[in-house]
Amino acid sequence: MAAVPPGIRMLVSFDRDQWYRALTFILTFLLYTSFHLSRKPISIVKSELHKNCSPVSEIATLASSSGSPQPPPQPPIHADMDCSWKPFDKKNYRQLLGAMDYSFLCAYAVGMYLSGIIGERLPIRLYLTVGMLSSGLFTCLFGLGYVYNIHNMGFYVFVQVANGLVQTTGWPSVVTCISNWFGKGRRGLVMGLWNSHTSVGNILGSLIAGYWVSSNWGMSFIVPGIIIAVMGVVCFFFLIEHPNDLKSMYAQNTSPGKRVPTKSWNEVNDGHTEVYHQYKDNQTQSYDTELLLPSDSLCVPAQTVVVVKRESEPSAISFMGALRIPGVIEFSLCLLFAKLVSYTFLFWLPLYITKTAHLDAKKAGDLSTLFDVGGIVGGILAGVISDRLGKRATTCAVMLLLAAPTLYGFSMISEFGFGPTIGMLLVCGGLVNGPYSLITTAVSADLGTHKSLKGNARALSTVTAIIDGTGSIGAALGPLLAGLLSAGGWDQVFYMLMTADFLALLCLLRLVTKELTSSKSPPTSAVELKEH
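Okay, so let's go over this structure. Keep in mind it's a predicted model, so treat the numbers as computed, not measured.

1. A closer look at helix α10 (residues 197-212)
Okay, so step 1: In this model α10 runs 23 Å from its N-terminal to its C-terminal C-alpha over 16 residues, within 8% of the 22 Å that 1.5 Å per residue would give.
Okay, so step 2: Of the positions making up α10, those classed as buried are His197, Thr198, Ser199, Gly201, Asn202, Ile203, Gly205, Ser206, Ile208, Ala209 and Gly210.

See below:
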């Protein structure tokens, strides 16, 4: 008989719970990847909404100066596309593009505070499905502006605001699911890998939008919109919110007369309960036999089982109570400035590459994905290093300190060819997105389970909402300021980014000093996953 292949042996070694846990990890990863995939096209299409019209004007000037009779030119299908797409053909096009970014991000920041409250009162699977279908609709609507030749600025602003609101359904939902399944015991490496969905979505969104941007930029929105809508359907059919949902399903499928294995429950609630000892049959016997036979008629091995009796449900922490947790204010402000830098790159990097390197929209979009590749590596390294050292604030501070001169170097070296530009994009992505990723995952979990809370797990959502909501304000301000400052030159944009980076560093100085003067060893307590 042939030996069983090692791959098959590995597959059958996993139990049912491990398979469902892997399914939840992969599914939530793909779901939030589609969210970022649908956000990216606007940054790719910007260079197409306002193009360099000098070649067209030069041809017209040469034709008129030659004096030779020329036949009247035939108007194209979209005459506006010969130069720029109205209303972005004016000199204040940067301010208009920045206003679109601000509309989306401001709605996202406001909606983030409300989304957690609403999501706690609705089934996560249905809440997330509705949000993804709605986001797909509004993303496609933006692309239909090209199909139906819409040049009304109000239409595009409305679509951006609506899309920003419905996109807030994503992060609280996927974080809740991943926390329900994995809970404690997850280290920085796992969190960094899972949180890379942000960069993966940005990369895929850039590639998809870049494929269509030069020929039909409407498809740059329609295709991602269809993808996130399809993933919403997948979410409806396959997302399991909590392991207990499966237990109830199997309990319903177990009918009298079937043989049911009985096994002990091994979860304990951190000592805030009374503990009782019982004996339970560890053999497999029929349902009827368990009910009918007296307990003394069976001679079975006894196994000690710990049964936990829960106390009353703890009350939710107040907003001011969450602010009193040491570190919440500092990390919230730090994330505000860190997200300002990250989202400025997210929305303006392709246009910057187009203008400085004189590349078309597709090549600029492809090149900008390197920033997100560096972000994946930076997020994983930040998680692993902070776990090893046990110093979250110090890890963030060091990366922020290195990011500032790197941003200045990128503004200077991007004019010296592809090689240096590629290298600096990777380094900038790692140093900028590393602290951002760490704060939105491990740091949020650490603060949400702070010892001052005395095991109140309901504080997690409140703390996370404060940190993420404050960071989203920075995400809204960054692209808006970039649109205003870029009119006076791109150097001013980079000075703004470096200033924000230093302010983020200053916000952490007190925590860094406390960590460095502390003699405690790296924490061994587990942390949970929390956001974007």
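Picking up after the structure, the text goes on.
2. What to know about a nonpolar patch on the surface
Okay, so step 1: Taken together, the side chains of Tyr102, Val110, Tyr113, Leu114, Ile118, Leu122, Ile473, Leu477, Leu481 and Leu484 present a nonpolar region at the surface, about 800 Å² in accessible area.
Okay, so step 2: At the level of secondary structure, the elements contributing two or more residues to the nonpolar patch comprise α5 (93-119) and α19 (459-485).
Okay, so step 3: Considering each element in turn, the nonpolar patch owes the most residues, 5 residues, to α5.
Okay, so step 4: Mapped onto the secondary structure, Val110 falls in helix α5.

3. Remarks on the nonpolar core
Okay, so step 1: Judged by nonpolar contacts, the single largest core of 89 residues is most densely connected at Met100, Trp217, Phe345, Phe410 and Leu497.
Okay, so step 2: Per-element accounting of this core gives the leading share, 17 residues, to helix α15 (residues 328-357).
Okay, so step 3: Look past the residues within four positions of Leu497 in its chain and what remains in contact with it is Leu340, Val341, Thr344, Phe345 and Leu407.
Okay, so step 4: Core analysis: the second largest hydrophobic core is formed by 25 residues, Tyr32, Met112, Val174 and Leu246 among them.

4. Regarding helix α20 (residues 490-507)
Okay, so step 1: The end-to-end C-alpha separation of α20 is 26 Å, in line with the 26 Å expected for 18 residues at 1.5 Å each.
Okay, so step 2: Taken residue by residue, α20 has Trp490, Val493, Phe494, Met496, Leu497, Met498, Ala500, Asp501, Ala504, Leu505 and Cys507 as its buried positions.

5. What to know about the pattern of salt bridges
Okay, so step 1: Counting across every chain of the model gives 3 salt bridges.
Okay, so step 2: Its salt-bridge partner being Glu330, residue Arg510 comes within 2.5 Å of it at the nearest N-O pair. Highlighted residues: Arg510 in helix α21 (residues 509-517) and Glu330 in helix α15, separated in sequence by 180 residues.
Okay, so step 3: You can call Arg510 partly exposed: its relative accessible area is 46%.
Okay, so step 4: The partner of Asp387 in a salt bridge is Arg392, and the shortest N-O contact between them spans 2.9 Å. When sorted by exposure, Asp387 lands in the same class as Arg392, which is buried.

6. Brief notes about the side chain of His36
Okay, so step 1: Summarising the element assignment, His36 is placed in helix α2 (residues 16-39).
Okay, so step 2: At 3.1 Å, the side chain of His36 forms a polar contact with the side chain of Asn202.

7. Describing the side chain of Ser103
Okay, so step 1: By the secondary structure assignment, Ser103 is in helix α5.
Okay, so step 2: The class for Ser103 is buried, based on a relative accessible area of 13%.
Okay, so step 3: Side-chain polar atoms of Ser103 contact the backbone oxygen of Ala99, separated by 2.7 Å.
Okay, so step 4: Setting aside residues up to four positions removed in sequence, Ser103 forms contacts with Val157, Gln160 and Val161.

The rules we used
- Residues numbered from 1 in each chain as written.
- Predicted model: local features only at pLDDT ≥ 70, side-chain atom pairs only at ≥ 80, totals over all residues.
- Heavy atoms only, no water.
- Helix = DSSP H or I, 4+ residues; strand = E, 2+ residues; numbered from the N terminus.
- Expected span 1.5 Å × (residues − 1).
- Buried < 20%, exposed > 50% of the residue type's maximum accessible area, 1.4 Å probe, protein only.
- Patch = residues over 30% accessible without salt bridge, like charges linked within 9 Å, V, L, I, M, F, W, Y side chains within 5 Å.
- Areas by Shrake-Rupley, 256 points an atom, 1.4 Å probe, with all protein chains shown as cover.
- Salt bridge = Lys/Arg side-chain N within 4 Å of Asp/Glu carboxyl O.
- Core = buried A, V, L, I, M, F, W, Y, C linked by side-chain atoms within 4.5 Å.
- Contact = heavy atoms within 4.5 Å.
- Polar contact = N/O pair within 3.5 Å; in protein donor to acceptor, adjacent residues only side chain to side chain.

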